[in-house]
Amino acid sequence: MRQEEEWFARAALLLQHHRPVDAAQLAMRRLQQEPYDVQAHLTLTEALLRQRRLSEALEMSRTTIALAPEEPSAFFLLAQVQHLLSRYMAADEAIIQALRLRPDMVRYYALRSQILWFAGLYVAATEVAYAGLNLEPQHAGNLLWLGMGLNKLHDYTTADAVFTQLLVLAPSTAIVRLNVGSALLERQQAAAALPHLREALRLDPTLQVAHRLLQQAIHDTHWWRQPIMWAVAQKNKIQHHWQAPHLRSKLWAVFLTLCCCLLLLPLAGAWLLSAVLDWRYQQQQRAPTPTDAWFYGGLIWGGVTIASAALLPASLPLVWALVGGGLVFPLRNAWRRFREGDKRLPLGLLLLLSPGGNALLMLYGFWQNPDSATESRGFLAIFGLFLLIYQLFRPAKPHAQQQE
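Worth saying up front: this structure is predicted, and the values here are computed from it rather than measured. (Residues numbered from 1 in each chain as written. Predicted model: local features only at pLDDT ≥ 70, side-chain atom pairs only at ≥ 80, totals over all residues. Heavy atoms only, no water.)

**Structural notes on helix α5 (residues 72–84)**
- Here α5 is 13 residues long and its end C-alpha atoms lie 19 Å apart, about the 18 Å a rise of 1.5 Å per residue gives.
- Counting buried residues in α5 gives ten out of 13 residues, a clear majority hidden from the surface.
- Buried within α5 are the following residues: Pro72, Ala74, Phe75, Phe76, Leu77, Leu78, Ala79, Val81, Gln82 and His83.
- Along its buried surface, α5 packs onto α3 (38–50), α4 (54–67), α6 (88–101) and α7 (106–118).
- Positioned one or two residues after α5, Ser86 has a phi angle of 65°, which is positive. (Helix = DSSP H or I, 4+ residues; strand = E, 2+ residues; numbered from the N terminus. Expected span 1.5 Å × (residues − 1). Buried < 20%, exposed > 50% of the residue type's maximum accessible area, 1.4 Å probe, protein only. Contact = heavy atoms within 4.5 Å.)

This is the structure in structure tokens:
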């Protein structure tokens, strides 16, 4: 008995210090001596689970259940394995069996709430979390998935109260910080989510999902994303009020919808600008500043050029004015690069000078082509499109600052 207690204590210590490989080797040596040791089977299953050897862990958990069908820990581990394999219904069946054997185990309620949350059954997830909290009101796992479920149900006031209580209980837990940050990011509160996601990565740098969510949060805090974030937040608010059973909430949802419809055109423009700058940010991996007047001036000039080609009557002064004004932007950028030591002529400038050079031939075209207006409109449209492409690809910041 003493030897068995020492073996179990050593295995538990290895798992506690995140050494699942050593714990698995210790459990296998124990099974060579005692093939029917239930605790050795459980330890090996947990060690395989922590190594993400899920197929082996699934087989071992089923072997343990066949060996000890009344052992709740075996069903608990089976539920964890099925959950990681995204087999949520099978995982729920296993954790229900574990709860039948041990209805007083609070962490079993937390796992079932987590499984139901990932299955999209948010109401059921919150009910199970409440049941676990009735047994232990300060249990961090049940508080976490209660807050996550309430967040999905758009009950943000109660969810924030739960998250506040949770952060007091477990302020230095990476998973808690990660989930709180993801919940805030989901409701379009990127600025509030940033410190939680950064803290999660500080506590556990191996959390790949935290890296992805952090990049998304940083991206959503860019100034051009704010109108879109506001629109999505209003949509969530309208959806929350409309789903409420009270007539007052439904009337408020209708009022908010009408107000948003009045802002539809500005929001459409904001969405278009956001899409353009998002694409540009993905290409250059840096955001343009709101004070980069030459960048936005070039975009506006290119848009005005295309609009003039479509709406205004074509004339030689108009064509030269729009082309000459458009060439100011790449010429300025080329001169700035030349002064900083870059002697090469930018490719974007060559593309713009090419249609600009063709404009010289239009003097002859105006006299010889009976449909010169159509020709000049097509030229202006192409020049405006080239200018937009050039502005999107050119760096938003001065070239010297990039080198630094």
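The structure having been displayed, the exposition proceeds.
**Looking at the nonpolar core**
- Counting residues in each nonpolar core, the largest one holds 73 residues, and the members touching the most others are Leu44, Ile95, Tyr108, Met148, Leu178 and Leu197.
- Residues in contact with Leu178, not counting those within four places in the same chain, are Leu197, Ala200, Leu207, Val209, Ala210 and Leu213.
- Within the second largest apolar cluster, eight residues are counted, among which are Ala309, Val323, Leu327 and Leu380. (Core = buried A, V, L, I, M, F, W, Y, C linked by side-chain atoms within 4.5 Å.)

**What about a nonpolar patch on the surface?**
- A surface patch of nonpolar side chains, amounting to about 330 Å² of accessible area, comprises Ile382, Leu385, Phe386 and Ile389.
- With a relative accessible area of 31%, Phe386 lands in the partly exposed category. (Patch = residues over 30% accessible without salt bridge, like charges linked within 9 Å, V, L, I, M, F, W, Y side chains within 5 Å. Areas by Shrake-Rupley, 256 points an atom, 1.4 Å probe, with all protein chains shown as cover. Salt bridge = Lys/Arg side-chain N within 4 Å of Asp/Glu carboxyl O.)

**What to know about the confidence of the model for the protein**
- Considering every residue of the protein, the mean pLDDT works out to 77; 67% of them sit at 70 or more.
- Within the protein, no element has a lower average pLDDT than helix α21 (residues 399–403), which sits at 40, and none a higher one than α7, at 94.
- Every residue in residues 398–404 scores below 50 in pLDDT, and together they form eight contacts with partners more than four places removed in sequence or on other chains. (pLDDT = per-residue confidence, 0-100.)

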